[in-house]
Every structure is written in structure tokens, then in C-alpha cells.
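Coordinate inspection notes
Given next are the chains, with one letter for each unit.
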Amino acid sequence: MTATNWSPSISKTLGPLYLAIADALSADIGAGRLPAGFRLPPQRTLADQLGIDFTTVSRAYAEARKRGLVEGRVGQGTYVRAQPQAAPATAATGIIDMSMNLPPRFDAPELAAQMWGGIADLQASAGLDLLMRYQEAGGSSRDRAAGAAWLAPRLGDLDPGRLLVTPGAQGALLALLGAIAGPGETVCAEALSYPGLLAVARHLRIRVEAEAMDAGGLIPEAFEELCRARAPKALYCTPTLHNPTTATLSLARREQIVAIAREHQVPIIEDDAYGALPARPVAPFAALAPDITYHIAGLAKCVSPALRVAYVVMPSAHGSADLESAVRATAGMASPLTAAIATRWIESGVAQSVLAAIRHEAKLRQAIVAETLPADLVQTDPEGFHAWLRLPDHWTRSDFAARLRSVGIGVVTSDAFSVSGHAEDAVRLGLGAAPDRASLAAGLRTVAELLAQKSTMSAMVV
């Protein structure tokens, strides 16, 4: 490719042409088609090639310079800048930190360039107001509409008036629990639950009662028993790709739980952090019982942990006003900047592409789990990106985690998830933190080798 034959593939019907040219340039650089030092065609030459006016190409090159993609050299032309290389994403103290349940990194330079391009486009489309103005506590109307569009495949048509934009799922939980239950009151949750819920409950001095689980997830009869004995203010659960066990509640169990919740007038807080990952998901509680469900859909697991954006669908528009007040009291508002990035990605289709890339990479990483770890000890789901590893009798969870730490592998023991304080000997493995599949395979081989060994700590005679 020479400086006179680069011609970007762009649509003349979607958005400003100068941004389309800058996006195409970013994608070609990200994909390695335009190396550092490559001289771009003169602006008038490119304008003639594309059949557009000179000023549009001039604006495109100026936009590319703003993004740090190119540099102008006096009397020589415009050249592709050397792009900084990211540092390897390995644990600071060793091989891999599987304690973090991150979405897996995908190898798609063009998609990564589109993500960054969408962020850069906000400068032109939103201007200084995005950076210098407060917004509504529950998000702007455009951000709410984008959230409703994102959730439509699982929840159908949504009234954006029922939806709020919150500062991540943790911010949503803090606002919701504080609005639903008071100090000393009770909410119930799976016996193994998201540590963030337990932290919020402790902070608000709310009691959490453990509900029994099996391989299929929350047991409806256990929920009914707690409703009769404790009269909880709410049920909190993660029904799809449960954290940490990966269990997904069947439709039959969900319908039973809805019937019990209605009978005892207990609202459901549905944490749908992983709900976008299954290609054919079971109907969420918010679709089965929208009038009693508070649905939390964070973007951390299915798009980007860096956004810290979650969408909360309320049972009614009236309830949205109450939660908006709670968000205002606890966090002020979700970050308008990250909410705008999420909206941009959703409207442009980039978010859907990222989700597809995460799904694909997760399946490949789950195949490594299936090849490496004993099937009788590991519980997982091919559409998730974590695994629940039950330990053989000769290992305690604390000994196993300590031995793994000594070789640079971090895991989370069952204690972190236990509502009652009593937990089985098991650990959660996050499959997404490894920078690539080869690193993950190496880490899992170490886990498998350790499983087969005896614990020297447990074997000590005292």
C-alpha cells in the first residue's frame, strides 16, 4: 500500500463523512493495515478519490490528529503516528489473578478502534456541555432510551420512564436497598451471593438471610419457608449465570418464585449482571413479573467494566422517582461522560459487537476449562466466564488458595460469598483476567496439578 492508493471504505449515508473517514483510519491503524510512518494521501487527492469536497477531508485529518492517530510534518505531508503499546495484562505478583471476574479480552483491533473512536466522537457531538454540566440523577432522556433499547431483546418494549441510569450495579444496590429496607430489617438472598450485596447490607445494617441452593440454583421451597418465618423486605438473586456457582434458574423455578413472591408481597431485586451473555436466555423476572421486580442490568460484565454504568428498571414510573431521589442522595448521579459513552456504543452498534466478541471469547475459554479441570469438581456454563471449583477432601479452601498465591495465581474462596458464614471448600475461578488463552491454559494447568497433590498444610501432624 502506498500513500497514493489508501482509500477508506465509508458510507456516505450514515453520520458525518469526516467522522467516517477518521473512524476508518482508526480501524485500519488498529488492524495493522496502516503502519507507523505511513504517509497518507494528500487531502485533495483523497477528496478526488472519494468524490467529496476538500474541506471534508481536511476536517477528517484534523479529527485524526485530535485523536492522536496522525501527525503533520511541514512540507512533507500527514503520517501515521506510532501507537503506544499496552503493557501485558498479567498479575503484578505472578502469573494470573483469577480472583477478578472480568469479561475476557478479545483479539479484535478493529472493534477496539471503534470503541475508542466512539469516545472521540463525543467531542464533536456533545461538546463542552458534556464535561461542564450536571445531569438528572437518573440519567438524561437519551441515555434512558439507549438503556431501554439495550434491554429490549430480554425485556421487550420498555417505557424509558421506568428506567434509571445509575453509577454501576453497586451504586444501584446501595440506592435500592436503602429505599426498600431499614436498619435491622431483613432481605433474603442465595446462600452464596455477590459480595457487593453483603457489603452494602452491612453498611446499611440490613440483615441478609441465606436461602438454600442446589445445582439448579435457588430452591423455591427455601424461599417460601423464609417468607413465612422472616417476612423479608425483598428477595435478592442472580438467576442467570449465578455468581459464583454459574447456575441458571429454570423457567419453572422462576415461575414458582414469582408465585411465592406475589403471595407474600415480597419484591424481587434481580441482579442481571450476566443476563446478556446467553444467546437464548431464560425469561428474566422483570419479564415474568415486571410489577414486583427491580431489575439491575450493569454493563461491566457484558460490555466494559470501565464504564461503571447500570440500568435499573423499576416496577413503575412512580417508583423511578423514589429511586432517583435515593441515587441523588447517595451518589449524585451516574457519570454523564461514561453514560454518554455507553449510549454512543449502543446507538452505533459497537456495544452489540463487543458483546458478541465477549461471548465468542468466553466459549473458547470455557473449552479450555473443560479440557483441563476434572469434570466432577468443576461447575460452569459454556456461556459464562467464571467457574466454581469444588475441592477434593484432601484440600481446604484456605490451604488451596494459599498454595496458588505462592505461585502467583489468585482465586476467591467460598467464604467471600457465604451469607451465613459457613461455606463448602470451593473457590471461584475468573477466566477473563488472563490476557490471552495461552496464559489461561497455563494457569489452569497449575490449578489441575495442585488439585492432584496433597495439602502439606492439612497433612501436618499436630
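Here's what I pulled together on the structure shown here. (Residues numbered from 1 in each chain as written. Predicted model: local features only at pLDDT ≥ 70, side-chain atom pairs only at ≥ 80, totals over all residues. Heavy atoms only, no water.)

**A look at the overall build of the protein**
Counting its regular elements, the protein contains 16 helices and 17 strands. For the protein, whose C-alpha radius of gyration is 25 Å, the value lies close to the compact-globule estimate of 23 Å for 462 residues. For the C-alpha atoms alone, the extent of the protein along its principal axes is close to 80 × 60 × 35 Å. Looking at the protein as a whole, 52% of its 462 residues qualify as buried. Taking the contacts inside the protein whose residues are at least 6 apart along the sequence as the reference set, 73% of them involve residues at least 24 apart. Carbon and sulfur atoms make up 54% of the accessible area of the protein, which totals about 20500 Å². (Helix = DSSP H or I, 4+ residues; strand = E, 2+ residues; numbered from the N terminus. Rg over C-alpha atoms; globule rule 2.2 N^0.38 Å. Buried < 20%, exposed > 50% of the residue type's maximum accessible area, 1.4 Å probe, protein only. Contact = heavy atoms within 4.5 Å. Areas by Shrake-Rupley, 256 points an atom, 1.4 Å probe, with all protein chains shown as cover.)

**A look at the sheet that holds strand E14 (residues 386–390)**
Across a sheet, paired strands are connected by hydrogen bonds in the backbone, their directions being either parallel or antiparallel. Here four strands make up an open sheet; going across it, the order is E13-E14-E17-E16 and the pairing antiparallel. In this open sheet, the two strands that pair with only one neighbour each are strand E13 (378–380) and strand E16 (412–413). Pairing geometry for E14 and strand E17 (residues 426–430), over five bridges, is antiparallel. Within the sheet, the bridge partner assigned to Leu389 lies in E17 and is Val427. (Pairing = 2+ DSSP bridges.)

**Considerations on the pairing of strand E6 (residues 207–211)**
Across five bridges, the pairing between strand E5 (residues 186–190) and E6 is parallel. Of the residues in E6, the one forming a bridge with Thr186 is Arg207. Where the polypeptide runs from E5 across helix H8 (residues 195–204) and back to E6, its parallel neighbour, the crossover connection is right-handed. (Right-handed = clockwise from strand over helix to strand, strands pointing away.)

**Some words on a nonpolar patch on the surface**
A contiguous nonpolar surface patch, about 420 Å² in accessible area, is contributed by Leu128, Leu131, Met132 and Leu337. Tracing the chain through its elements places Leu337 in helix H13 (residues 336–348). (Patch = residues over 30% accessible without salt bridge, like charges linked within 9 Å, V, L, I, M, F, W, Y side chains within 5 Å. Salt bridge = Lys/Arg side-chain N within 4 Å of Asp/Glu carboxyl O.)

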